[in-house]
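Descriptive analysis of the structure
Here is how the chains run, residue by residue.
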Amino acid sequence: MASVFTRIINGEIPCHKIAETADFIAFLDVNPLKIGHALVVPKQEIDYFFDMESDIYTAYMLFAKEIAKAIKQAIPCKKVGVAVIGLEVPHAHIHLIPMNEVGDMNFGKQKLQPTTEELDRTAASIRKYIII
């Protein structure tokens, strides 16, 4: 059975896309910790992050770096935090979260529930800074 991320990649589930290449996609988390919280996902369905082939892993991290740079320019924050958890969806993914303090990366705290319009505006503002 395809993961929820594979279903997003295949267009079966809509997303607020930030960027996409032949191998990777980045989109906003619909229940973010902070506005601008994005997920970066390889199109190849790999469960465990560190099972990726080295060349794919390297390209993936470079793609994520560009997304993080765009988030930092679009969303007022001190840094963009990176988290790889991988327990909730069996498909490798990176969380990129705008942060001003360590607590902004606390996955145990209440998630935000932005409207579709807020997510659309946020994705559009991040896309302005994408250079891929």
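Check the entry above for the structure.
Quick caveat, the model's predicted, so the values are computed rather than measured.

Let us look at the pairing of strand 5 (residues 94–99). Across the six residues that make up strand 5, a large majority, six, are buried. Judged by which residues are buried, strand 5 turns out to be covered on both faces: I94, L96 and P98 on one side and H95, I97 and M99 on the other are all buried. The sheet contact formed by strand 3 (residues 38–42) and strand 5 spans three bridges and is antiparallel. Within the sheet, the bridge partner assigned to L39 lies in strand 5 and is H95. Pairing geometry for strand 4 (residues 79–83) and strand 5, over five bridges, is antiparallel. Among the inter-strand pairings, V82 is bridged to a residue of strand 5, identified as L96.

Attention now goes to the packing of aromatic side chains. This model, assessed by the stated rule, comprises eight aromatic pairs. An angle of 75° between the planes, with centres 5.8 Å apart, marks the rings of Y48 and F50 as edge-to-face. For F50, a relative accessible area of 55% puts it in the exposed group. Among the aromatic residues, those joined into a ring-pair cluster are F24, Y48, F49, F50, Y57, Y60 and F63.

A few words on the sheet that holds strand 3. Sheet architecture is open: five strands sit in the order 1-2-3-5-4, paired in antiparallel fashion. Sheet topology places strand 1 (17–20) and strand 4 at the edges, where each strand pairs with a single neighbour. The average undirected angle you get between the axes of adjacent strands in this sheet is 20°. Seen against the sheet, helix 2 (residues 54–74) touches strand 1, strand 2 (24–28), strand 3, strand 4 and strand 5 and runs at an angle of roughly 25° to strand 5.

Within the largest apolar cluster, 26 residues are counted, with the highest numbers of intra-cluster contacts made by I18, V40, I67, I71 and L96. Of all elements in the fold, only strand 1, strand 2, strand 3, helix 2, strand 5 and helix 3 (116–127) reach the threshold of two or more residues within this core. With seven residues, the single largest contributor to this core is helix 2. Ignoring anything within four residues of it in the chain, the contact list for I71 reads G36, A38, V80, L96, P98 and I126. Membership of the second largest hydrophobic core comes to eight residues, among which are F5, I8, I25 and V89.

Parameters and conventions
- Residues numbered from 1 in each chain as written.
- Predicted model: local features only at pLDDT ≥ 70, side-chain atom pairs only at ≥ 80, totals over all residues.
- Heavy atoms only, no water.
- Buried < 20%, exposed > 50% of the residue type's maximum accessible area, 1.4 Å probe, protein only.
- Helix = DSSP H or I, 4+ residues; strand = E, 2+ residues; numbered from the N terminus.
- Pairing = 2+ DSSP bridges.
- Phe/Tyr/Trp six-rings, centres within 6.5 Å; stacked < 30°, edge-to-face > 60°.
- Axes fitted to C-alpha atoms, helices over the stretch in contact; angles between N-to-C directions.
- Contact = heavy atoms within 4.5 Å.
- Core = buried A, V, L, I, M, F, W, Y, C linked by side-chain atoms within 4.5 Å.

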